[in-house]
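Inside the fold
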Amino acid sequence: MPTQRLTLLGATGSIGDSTLDLVARHPDRFTVHALTAHRNLDKLFTRCVAFRPDVAVVGEAQDAMQLQARLRVAGVRTEVMHGPQALCEVAQSAGCDTVVAAIVGAAGLLSSLAAARAGKKILLANKEALVMSGALFMRTVAAHGATLLPLDSEHNAIFQCLAGAPAGGAGVERIVLTASGGPFLHRPLEALDRVTPDEACAHPTWRMGRKISVDSATMMNKGLETIEARWLFAMPPERIEVVIHPQSVIHSMVAYADQSVLAQLGRPDMRTPIAHAMAWPERIDSGVAPLDFLQLAHLSFAAPELKRFPCLRLALEVLREGCAASVTLNAANEAAVDAFLNGRLRYTDIAHVVEDCLQRAPSSAHESLDDILATDTQTRVLAGQAIQRAALRSASATVPLSLSTTLDEGIGARL
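The structure contained in this document is the topic of the report that follows. The structure displayed is predicted, hence computed values, not measured ones. (Residues numbered from 1 in each chain as written. Predicted model: local features only at pLDDT ≥ 70, side-chain atom pairs only at ≥ 80, totals over all residues. Heavy atoms only, no water.)

**Digging into the packing of aromatic side chains**
Put simply, the rule reads: Centres within 6.5 Å make a pair out of two Phe, Tyr or Trp rings, where for Trp the six-membered ring is used; the pair is then stacked when the planes are under 30 degrees apart, edge-to-face when over 60, and tilted otherwise. Should the NZ of a Lys or the CZ of an Arg lie within 6 Å of a ring centre and within 35 degrees of the ring normal, that charge is described as sitting over the ring.
All told, the structure shown has three aromatic pairs when counted by the stated rule. Their ring planes at 65 degrees and their centres at 5.7 Å tell us that F340 and Y347 sit as a pair that is edge-to-face. Among the aromatic residues, those joined into a ring-pair cluster are F184, F340 and Y347. Here R70 stacks its cationic end above the ring of F45, 4.3 Å away from the centre of that ring. R230 extends its terminal NZ or CZ atom over the ring of W231, reaching a point 4.0 Å from the ring centre.

Here's what the structure looks like:
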């Protein structure tokens, strides 16, 4: 089998860790064309030394100069570029076959679209790309002959369970996304006001970055995944279901018209879905320990409590209404989570900020990329205002919240 040449967008996050572990395990199958990171220069430097990519991309020009100098001293000939346009260039470069889209949040949209326009094999971990631009993204993939494979454990599980069956067509009754319920599944509701960022990031089963860990705690992550599933599998909203499964052993399920239900099981380790997508349609060793059924005490399931998880409720409402407000949903959540992680917003106010923005921002079909970017920018301004109002309401809190709000400058400001 020919060696796959990878561009890894988001090389210093948890998906990057798992992907490069697999590259190291299978050097005969995979080489690295490009690695990208925003500001984590030390980790990117180490990875460039280890994997010798042709290109590395960072966020700022001064960081690029610093990294280039360090690599030259180390005898590494990697070319260092910077900025959003450089991300798009390495995503569509002739030097790569496969693009691992693992940049967190809306910042990954443009480079993911660039990979689709170039007809690449795209391993998609950046769910926000489909949440924001589902119809546009899927049209682009189809028009340019790209191959789109999901890396999220839930969507990869569904992909495996479908085994080529047309998801939205006859024979498939529904898809079931499982959710762990996060760290606050059983915490008293009245105690959620006092949740700290470190508590929210202490996921009981998965090891992830801080932003996605907070999304998992609020279950906004699962809400975004329902919207992603709608586009990935052409599935009507009423046939997408979410269930709580705290053990994180069943990663998702597909129910068929004959009442057969296929489930994909495995340890909660992202190397399993990444290995599946990297080698597809073959299978390779992921390095994950085998699942020992004799050690499983039980597998439990429950319906999500929407009072406990208002972010999930908001996302499901957006899904049912046709996803027209999905750009607003995503941008407001990104701004609110950032404020929470930086001590400017209470955990329970994340949902309030998102709901405030959904009520204030007009919904639209977002047919063009310009529409999507404009709505993203507008929502971040609205979210900044909502965060400030929430901070004022919380002025008497035990842990004071700063009223200063640093607004995101839109998608182009981050990698």
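**Structural notes on helix 13 (residues 326–341)**
The following threshold applies: Runs of H or I in DSSP of at least four residues are treated as helices and runs of E of at least two as strands, each being numbered from the N terminus. By this rule, a helix spans an expected 1.5 Å times one less than how many residues it contains. Each residue is placed in one exposure class: buried if its accessible area under a 1.4 Å probe, protein chains only, is under 20% of its type's maximum, exposed if it is over 50%, and partly exposed if it falls in between.
An ideal rise of 1.5 Å per residue puts 22 Å on 16 residues; helix 13 measures up with 22 Å between its terminal C-alpha atoms. Helix 13 sits mainly inside the fold: 14 of its 16 residues count as buried. Following helix 13 by one or two positions, G343 adopts a phi angle in the positive range, close to 75 degrees.

**Focus on the sheet that holds strand 10 (residues 250–256)**
Condition: Pairing between two strands requires that DSSP report at least two bridges joining them. For every element, the axis is a line fit to its C-alpha atoms; helices are fit only across the contacting stretch, and the angle between N-to-C directions ranges from 0 to 180 degrees. By definition in these notes, contact holds between two residues if any of their heavy atoms fall within 4.5 Å.
Ordered in space as 9-8-10-11, the four strands form an open sheet in which the pairing is mixed. Single-partner strands in this sheet number two, and they are strand 9 (240–244) and strand 11 (261–265). Averaged over all neighbouring strand pairs, the angle between strand axes comes to 20 degrees, with direction disregarded. The sheet contact formed by strand 8 (residues 172–179) and strand 10 spans five bridges and is antiparallel. Bridge pairing in strand 10 places L177 opposite S252. Sheet contacts for helix 10 (residues 220–232): strand 8 and strand 9; angle to strand 8, the most-contacted strand, approximately 155 degrees.

**Re the pairing of strand 8**
The side chains of a regular strand alternate, first on one face of the sheet and then on the other. Of all eight residues in strand 8, six are buried; the element is thus mostly enclosed. The pairing of strand 8 with strand 9 spans five bridges and is parallel. For A179, the partnering residue across the bridge sits in strand 9 and is I244.

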